[in-house]
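# Report on the structure
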Amino acid sequence: MHQLAQLDHAYLWHPFTQMRDWLDREPIVIVSGKGAILRDVRGREYLDGNSSIWTNLHGHNHPKVNGAIRQQLTKIAHSSALGLANEPASLLAAELVRVANPGPVFLATREGERNNLNTNSIPAAPPAPSPLSKVFFSDDGATAMEVALKLAYEFARRAGRSKKPGFLSLADAYHGDTVGAVSLGHIELFHGAYAGLLFKSDRVMSPYCYRCPFNRAKPERRDARDARRCNWECVGKVEQKFAAQTRRGNPYAAMVVEPLVQGAAGMIPQPAGWLRRVAEIARGHSAQLIADEVLTGFGRTGVPSAVNHPRSTGLFACQREGVQPDFLALAKGLTGGYLPMAATLTTQAVFDVFLGEYGAFKTFFHGHSYTANQLGAAAALASLEILQSAASVRARQRVEQTMREELKTLWSLPNVGDIRQVGLIVGVELVRDWRRREPFELRERAGARVCEAMAKRAVLTRPIGGVIVLMPPYCTTPAQVSQMVGALRDGVDEVFGKRRL
Ligand SMILES: Cc1ncc(COP(=O)(O)O)c(C=O)c1O
């Protein structure tokens, strides 16, 4: 075993990893990367099939991001944001506010779509919130969500809406691993053990068309969102939750969503119109909307063919449905996948309830040592510039389109139940047999075994249970996309035997 691998085995404890299994085999030790390629200590090369756990945008070792960090290093790496401002963080906050606001807010439901709804009780939408105009920096996705959670809680209390504000989030939601973020999560496997540590948040059905009990469509060899036959019962459930809570006299402070795709739940995409509908319900009950775009932000959900407003940059999933949240949590891709930095954007209205005389102690008592770190901010500014270039837009369109074509080849595999793609996010759900949609038991490690077979074919990714995730960096070439999907196909063949429909 390589000496570095030995040191890892001796001293490291890896996240979300059964360490007994880990210690059984020699780990891949990464020493460098370039574009979509990772290179290990033995000189082997792999494709980064999940963008290093959904963080990397433009590829590794990108000259522009490298240059921005180097340039910043010649000045300073870090000074505290407690009591001091700094250059790149000021510039970054302004740029984030610019790209996060699509212009005038569009929240109207189209008449035709309203008629499709099974719920007659959607209240008229109150005025849309003011733009996102304030940025609170932190370190990672979980802390960005903690900030949103605390601000929404305190806003509801101070605005006199509730003495004990409550939150509504989706079944199988995942918002990070700090205690507040875990309290908003509903993945029993991850969160169950800590129940005693958590505050209670309400859960509502998420729109998982492939496994929806209300979807009357038979399994078909196409995206379950398009094949679905339902009456938007999932939206009705959201309305029922809000109505019940309002009747109890303690309306929700906020609804928390991952817009367009629920990531750790298994890359579960929402059918078009779902987000706008639930946003409207939340608004109708005067609740705030917390959009967790830790995964979906910064172009991950693709390049919209027509954004809802000409000024929209279309970098965020919310903008795809014309939804303006009260809180936008960003991390992962913020620095292009280089450094741990996060941001929570919110409105002037939220900011204002924390203003007052010093002695009134309305201050937001929250912060982190590395808040507004200069190296992270410099990387983020460079990343945002790349993202908005015509070349990046073209690259994302190319990856998305090539992926869409390549994925079609997987429908002939009987162990592939569902193929879900939203932009540059892909989940391929493995099943025992596609006609019965029967899932594998978690302990069978079906997804893990396929990913191990893919690693042998030089493609690295991690499964979510029986779902194989593909999430390539935006610089991935068509040939590399084809290699990723090919490794998945061959991996499934190796694990389950080669069969075709
Ligand atoms: C939607 C979402 N929110 C929050 C998080 C937590 O982010 P982090 O791991 O940076 O704390 C994740 C991580 O996967 C995520 O997917």
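For the structure, see preceding data.
## Focus on the overall build of the chain
Helix and strand counts for the chain stand at 18 helices and 17 strands. For the chain, the C-alpha radius of gyration of 22 Å lies close to 23 Å, the compact-globule estimate for 501 residues. Projected onto its principal axes, the C-alpha positions of the chain cover 65 × 60 × 50 Å. Classification of the 501 residues of the chain by burial places 56% in the buried group. At a minimum sequence separation of 6, the contacts of the chain that also span at least 24 residues come to 73%. Only carbon and sulfur atoms are counted for the fraction: they give 54% of the accessible area of the chain, which is about 21900 Å².

## So, the site of the ligand
Lining the immediate environment of the ligand, one finds W54, D140, G141, A142, Y174, H175, G176, E258, D292, V294, L295 and K332. One of the backbone N or O atoms of A142 is found 2.9 Å from an oxygen atom in the ligand. Residue D292 places a side-chain N or O atom 2.6 Å away from a nitrogen atom belonging to the ligand. Its free accessible area being 390 Å², the ligand has 84% of it covered by the protein chains. In terms of residue class, the shell around the ligand is made up of five nonpolar, three polar and four charged.

## Remarks on the pattern of salt bridges
Applying the stated criterion across every chain yields a total of 25 salt bridges. With its nearest N and O atoms 2.7 Å apart, the salt bridge here joins K200 to D202. What emerges from the salt-bridge pattern is a single network uniting R211, D418, R420 and E429.

## What to know about the nonpolar core
For soluble globular proteins, the rule of thumb is that nonpolar side chains tend to be buried together. In this structure, L96, F137, F242, M255, W274, F298 and V428 are the most contacted members of the largest nonpolar core, which totals 78 residues. Per element, the largest residue contribution to this core is seven residues, and it comes from helix α18 (residues 478–496). Taken domain by domain, the makeup of this core includes at least three residues from each of domain 1 (3–62 + 392–496) and domain 2 (87–388). Not counting chain neighbours up to four residues away, the residues in contact with M255 comprise L168, L170, V204, V238, F242, A282, Q288, L289 and I290. Counting 26 residues, the second-largest nonpolar core is a separate cluster that includes I290, V294, V353 and F364.

## Concerning unusual backbone geometry
In the Ramachandran plot, W232 falls in the positive-phi region, its phi being about 55° despite a non-glycine side chain. Relative to the elements of secondary structure, W232 occurs in the loop between α10 (224–227) and α11 (233–247). One non-glycine residue, K332, lies in positive phi territory at about 25°. Mapping K332 onto the fold places it in the loop between β11 (327–330) and β12 (342–347).

## Describing the sheet that holds strand β13 (residues 416–422)
Read across the open sheet, the four strands follow the order β13-β14-β17-β16; overall the sheet is antiparallel. Every other strand in the sheet has two partners, leaving β13 and β16 (463–464) as the edge strands with one partner each. Sheet analysis places strand β14 (residues 425–430) next to strand β17 (residues 467–470), joined by four bridges and oriented antiparallel. Each residue of the ladder has a partner; that of V428, found in β17, is I468. Packing against the sheet, helix α16 (residues 390–407) makes contact with β13, β14 and β17, and its axis sits at approximately 170° to β13.

Thresholds, definitions, all that
Throughout this document, residue positions are counted from 1 along each chain, in the order its sequence is written. Under the rules for a predicted model, residues below a pLDDT of 70 receive no local features and side-chain atom pairs below 80 are neither given nor counted, while totals for whole chains, interfaces and linings still include all residues. Working from all heavy atoms in the structure, the side-chain values ignore hydrogens and water. Put simply, DSSP marks the helices as runs of H or I at least four residues long and the strands as runs of E at least two long, and each gets a number from the N terminus on. Throughout, the radius of gyration refers to the C-alpha atoms, and the reference size of a globule is 2.2 Å times the residue count to the power 0.38. The classification of residues rests on relative accessible area computed with a 1.4 Å probe and restricted to protein chains. Under 20% of the type maximum is buried, over 50% is exposed, and intermediate values are partly exposed. Only heavy atoms enter the contact rule, under which two residues are in contact if any of them lie within 4.5 Å. Accessible surface area values rest on a Shrake-Rupley calculation with a 1.4 Å probe, where residue burial reflects the displayed protein chains alone. Whether a residue is near a molecule or strand is decided by its heavy atoms; if any one of them lies within 4 Å of it, the residue is near. As used in this structure description, the phrase polar contact means that two N or O atoms lie within 3.5 Å; if the pair is within protein, one of them must be able to donate a hydrogen and the other to accept it, and residues adjacent in sequence are counted only when both atoms belong to side chains. Side-chain classes follow a simple rule in which Ala, Val, Leu, Ile, Met, Phe, Trp, Tyr, Cys and Pro form the nonpolar group, Asp, Glu, Lys and Arg form the charged group, and the remainder, Gly included, forms the polar group. The working definition used for a salt bridge is a side-chain nitrogen of Lys or Arg within 4 Å of a carboxyl oxygen of Asp or Glu. As used here, the term nonpolar core means buried Ala, Val, Leu, Ile, Met, Phe, Trp, Tyr and Cys residues forming a set that is joined through side-chain atoms within 4.5 Å. How far each domain reaches was decided by an automatic or database domain assignment. A pair of strands is labelled paired if DSSP reports no fewer than 2 bridges between them. All axes here are fitted lines through C-alpha atoms, helices being fitted over the stretch that makes contact, and every angle between N-to-C directions spans 0 to 180 degrees.

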